[in-house]
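As a plain string of letters, each chain reads:
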Amino acid sequence: MLAFVKCFALKRTKHPPGYEDPHVLASETPFTVNEIEALYNLFKKLSTSITDDGLIHKEEFLLALFRNSSMQNLFADRVFYMFDRKRNGVIEFGEFVRSLSIFHPYTPEHEKSSFLFKLYDIHGTGFIEPHELKKMVCALLGETDLELSEESIEAIVEQTMLEVDTNKDGKIDEEEWKELVAKTPSILKNMTLPYLKEVTLTFPSFVLDSEVED
């Protein structure tokens, strides 16, 4: 009997570093257990696209988002940095789910706002300074076909600082950012991905072999 138990234990599914129980993740995010299982299958596809080690490397992340594994773009770098919560250069499954949950339709706006603030706070000082804002504006413009002159970009940054930096200390703090979001909620428009509300319908092929029931 003991030999049988040991044999059974050896056949249990091996999970990569950073794997977390779907039930735990479901208790901490808007996703259900079955949706997290669907995301795990998506994660496995992404994490084996270049290096088969069960972790999403930056090149794999860029390949998934921009179809280009060698892309050089500050915006892409910042998004990867925000997903890589342990700051170890890779995205583990738990990090993938928790970061993706920020974009869920049911996630409170204050969490989306905080995530976006940190995305712009390039140096992690707790403030968004003019040069950081300019870098992010340039990076975002790089994702579009819109071309603006250096003077136009400077004007955008100056006008933004003039309107948002209410205490006139030359930088935007999180409270000022919250006021900006309250006045201009469209800033958070891209922070919500509607299809995350129905992950198992969006990725139906990923849940055909689901082992867990809600």
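Values in this document were obtained by computation on a predicted structure and should not be read as measured data.

Trainee: Explain the packing of aromatic side chains to me, please; I cannot follow it from the model alone.
Mentor: To describe a pair of aromatic rings, you give the distance between the ring centres and the angle between the ring planes. Scanning the model with the defined rule gives 11 aromatic pairs in all. Here the aromatic rings of Tyr19 and Tyr40 are separated by 5.0 Å at their centres, their planes lie at 70°, and the arrangement is edge-to-face. Placement of the pair is Tyr19 in the loop between α1 (2–10) and α2 (22–28) and Tyr40 in helix α3 (residues 33–47), with a sequence separation of 21 residues. Exposure remark for Tyr19: the relative accessible area of 25% places this residue in the partly exposed category. What makes Tyr40 buried here is its relative accessible area of 11%. A centroid spacing of 5.5 Å and a plane angle of 70° characterise the contact between Phe61 and Phe80, whose relative ring orientation is edge-to-face. Taken together, the positions of Phe61 in helix α4 (residues 58–66) and Phe80 in helix α5 (residues 74–83) put the pair 19 residues apart, joining distant regions of the chain. Its relative accessible area of 8% is what places Phe61 among the buried residues. Here the aromatic cluster, defined as three or more aromatic residues joined through ring pairs, consists of Tyr19, Tyr40, Phe43, Phe93 and Phe96. We note Arg87 situated over the ring of Tyr81; from NZ or CZ to the ring centre the distance is 3.7 Å. The ring of Phe127 has Lys171 sitting right over it, with the charged end atom 4.2 Å from the ring centre.

Trainee: Can you walk me through the environment of Gly94 in this structure?
Mentor: The residue Gly94 is located in helix α6 (residues 93–101) in this model. Residue Gly94 is classed as buried on the basis of its relative accessible area of 1%. C-alpha of Gly94 to C-alpha of Tyr19: the two residues are 75 residues apart in sequence and 6.1 Å apart in space. Excluding its chain neighbours within four sequence positions, the residues that come into contact with Gly94 are Gly18, Glu20 and Leu25.

Calculation criteria
Residues numbered from 1 in each chain as written. Predicted model: local features only at pLDDT ≥ 70, side-chain atom pairs only at ≥ 80, totals over all residues. Heavy atoms only, no water. Phe/Tyr/Trp six-rings, centres within 6.5 Å; stacked < 30°, edge-to-face > 60°. Helix = DSSP H or I, 4+ residues; strand = E, 2+ residues; numbered from the N terminus. Buried < 20%, exposed > 50% of the residue type's maximum accessible area, 1.4 Å probe, protein only. Lys NZ or Arg CZ within 6 Å of the ring centre and 35° of its normal. Contact = heavy atoms within 4.5 Å.

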